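Tertiary structure, described
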Amino acid sequence: MLTPTPLMRLVTGFWSFKTLAAAVELNLFTRLAGGRTITVGQLCDEYGLAERPADTLLAACASLGLLTKQPGSNSYRNAPIAEEFLVADRPYYFGGQIRYCDERTYLPWHRIGEALRTDRPLTWDPDTQESLFADVDPRIRNLFLEAMYAASIFTARALGDAYDFSVHHRLLDLGGGSGAYPIELCRRYPHLRASVYDLPHVVPVAAEKAAAAGLADRIDTVAGDFFADEKLPQGHDTILLGMILHDWDEATNRALLARCHDVLPSGGTIVVCELLLNPDRTGPPEAALMGMNMLVETEGGRNYSETEYADWLADAGFGSIRTVVFDAPGANGALIARKR
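Please read these numbers as outputs of a predicted model, since none were measured by experiment.

Scanning the chain from N- to C-terminus turns up 14 helices and ten strands. Scaling as 2.2 N^0.38, a compact globule of 340 residues should have a C-alpha radius of gyration of about 20 Å, and the chain matches this with 21 Å. In terms of overall dimensions, the chain has a C-alpha envelope of 65 × 50 × 45 Å along the principal axes. Here the chain holds 340 residues, and 48% of them are scored as buried. Here the analysis covers contacts within the chain between residues at least 6 apart in sequence; of these, 67% occur between residues at least 24 apart. On the chain, roughly 16400 Å² of surface is accessible, and the fraction owed to carbon and sulfur atoms is 54%. Between the centroid of the 31 positive side chains of the chain and the centroid of its 44 negative side chains there is a distance of 4 Å.

So, on to the sheet that holds strand β9 (residues 318-325). A sheet is described by the order of its strands in space; here seven strands give the open sequence β6-β5-β4-β7-β8-β10-β9, paired in mixed fashion. Two strands lie at the open edges of the sheet, namely β6 (219-223) and β9, each paired on one side alone. The mean angle between the axes of side-by-side strands here comes to 20 degrees, regardless of whether they run parallel or antiparallel. Both strand β4 (residues 170-174) and strand β5 (residues 193-198) contribute to a ladder of five bridges, which runs parallel. Bridge assignment links L174 to a residue of β5, and that residue is Y197. Packed onto the sheet, helix α9 (residues 138-162) meets β7 (238-242), β8 (269-274), β9 and β10 (333-339) and runs at close to 130 degrees relative to β8.

A separate point is the pattern of salt bridges. Overall, the coordinates contain 16 salt bridges when judged by the stated rule. Two residues, E184 and R187, come together in a salt bridge whose shortest N-O distance is 3.2 Å. Pair noted here: E184 and R187 are both in helix α10 (residues 180-188), with a separation of three residues, about one helical turn. The exposure class assigned to E184 is buried, which follows from its relative accessible area of 9%. By relative accessible area, R187 is classed as partly exposed at 40%.

Looking now at the packing of helix α7 (residues 95-109) against α9. Across the interface, α7 lies against α9 with an axial gap of 7 Å and an inter-helix angle of 135 degrees. Overall, the two elements α7 and α9 adopt an arrangement that is oblique. In this structure, α7 meets α9 at a crossing whose hand is left-handed. Within the contact between the two elements, α7 uses G96, Q97, R99, Y100, E103 and R104 and α9 uses R139, I140, L143, F144, E146, A147, M148, A150 and A151. Considering only residue class, the contact of α7 with α9 consists of eight nonpolar, two polar and five charged.

Mapped onto the fold, S152 is located in helix α9. For S152, a relative accessible area of 9% gives the class buried. In contact with S152, not counting residues within four places along its chain, are A180, Y181 and M243.

Within the secondary structure layout, R254 lies in helix α12 (residues 250-263). Take R254: its relative accessible area is 30%, and that puts it in the partly exposed class. For the pair R254 and D315, spaced 61 residues apart in sequence, the C-alpha to C-alpha distance is 8.4 Å. Discounting chain neighbours no more than four positions away, the residues touching R254 are W312 and D315.

The next point concerns the packing of α12 against helix α14 (residues 306-315). At their nearest, the axes of α12 and α14 sit 9 Å apart, and the two run at 45 degrees to each other. As far as their axial angle goes, α14 and α12 are oblique. Crossing geometry of α12 relative to α14 is assigned as right-handed. Across the interface between the two elements, E250, N253, R254 and L257 from α12 touch W312, L313 and D315 from α14. Its residues assigned to classes, the contact of α12 with α14 comprises three nonpolar, one polar and three charged.

Basis of the calculations
- Residues numbered from 1 in each chain as written.
- Predicted model: local features only at pLDDT ≥ 70, side-chain atom pairs only at ≥ 80, totals over all residues.
- Heavy atoms only, no water.
- Helix = DSSP H or I, 4+ residues; strand = E, 2+ residues; numbered from the N terminus.
- Rg over C-alpha atoms; globule rule 2.2 N^0.38 Å.
- Buried < 20%, exposed > 50% of the residue type's maximum accessible area, 1.4 Å probe, protein only.
- Contact = heavy atoms within 4.5 Å.
- Areas by Shrake-Rupley, 256 points an atom, 1.4 Å probe, with all protein chains shown as cover.
- Lys, Arg positive; Asp, Glu negative; His and termini not counted.
- Charge placed at Lys NZ, Arg CZ, Asp CG, Glu CD.
- Pairing = 2+ DSSP bridges.
- Axes fitted to C-alpha atoms, helices over the stretch in contact; angles between N-to-C directions.
- Salt bridge = Lys/Arg side-chain N within 4 Å of Asp/Glu carboxyl O.
- Parallel < 35°, antiparallel > 145°, perpendicular 65-115°, else oblique.
- Left-handed = near helix turned anticlockwise from the far one by under 90°.
- Nonpolar A, V, L, I, M, F, W, Y, C, P; charged D, E, K, R; others polar.

Structure below.
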């Protein structure tokens, strides 16, 4: 029998997110790292909570698969997914993404109807700000970089599993942010060297991350602006655009792909890693809903289909275009193409 239950799940979806965000804000999962357990009473004592909210939070986190309750006891511990991705300082810590969405985009999303009617972003004002993070509190800007790192580091791992980078030697990560893709790919492919190309205030973060990963000798940084600079950095046999093109409109993306083609050597490779829509633009949901998020955060961004990217690459002069698919938080596939 058809029921409105699926609609109720959609209606209450924010309950799950805000429960997760509250637990991350409290550093609950980090406190429980390494197999530590906690009871309602201990949570009350450690966080100064009353019994009702403490009990409710632990029950909710358990219901979401974030905590597990010990058989025959009243104590809770991290579920495997929380132990792996929600403990601070772990290699694939996802808390930055959660904190960014909670602090930066959650409230603007409440006005999504306004974005639909006006076709204008909600997290910043194009009439008074030059870009998404111009005149923004540096803490929020840094939170964005941590969010992108959280989504990108595991996505890079999935990309490295799905596509063999052993045939490449010098990678340019265009708009590479904190350097998550080069860090993960250089870990997997010991011969690979990489450059992170991004804005001047961003590349020091990438350099710091690379040094912390022990890869400062193989990952360097280039400060620049791929819209303003006369030419993109040269000397690379591969260019990666990881979760970049969904930020811009078609004309901008076509121009950027043409610029990539110009600086690659003959036979050079381009990798476009994104949440890809299907050719009918009916899903998957994570790709389609990221497109909605682009209404909230960008002037011209949207999510595109594999077919659209393939057409743009061919028009830019690339051939041997193929797609690899995988499951990751920041992307579900990548188009690989070679300069003819």
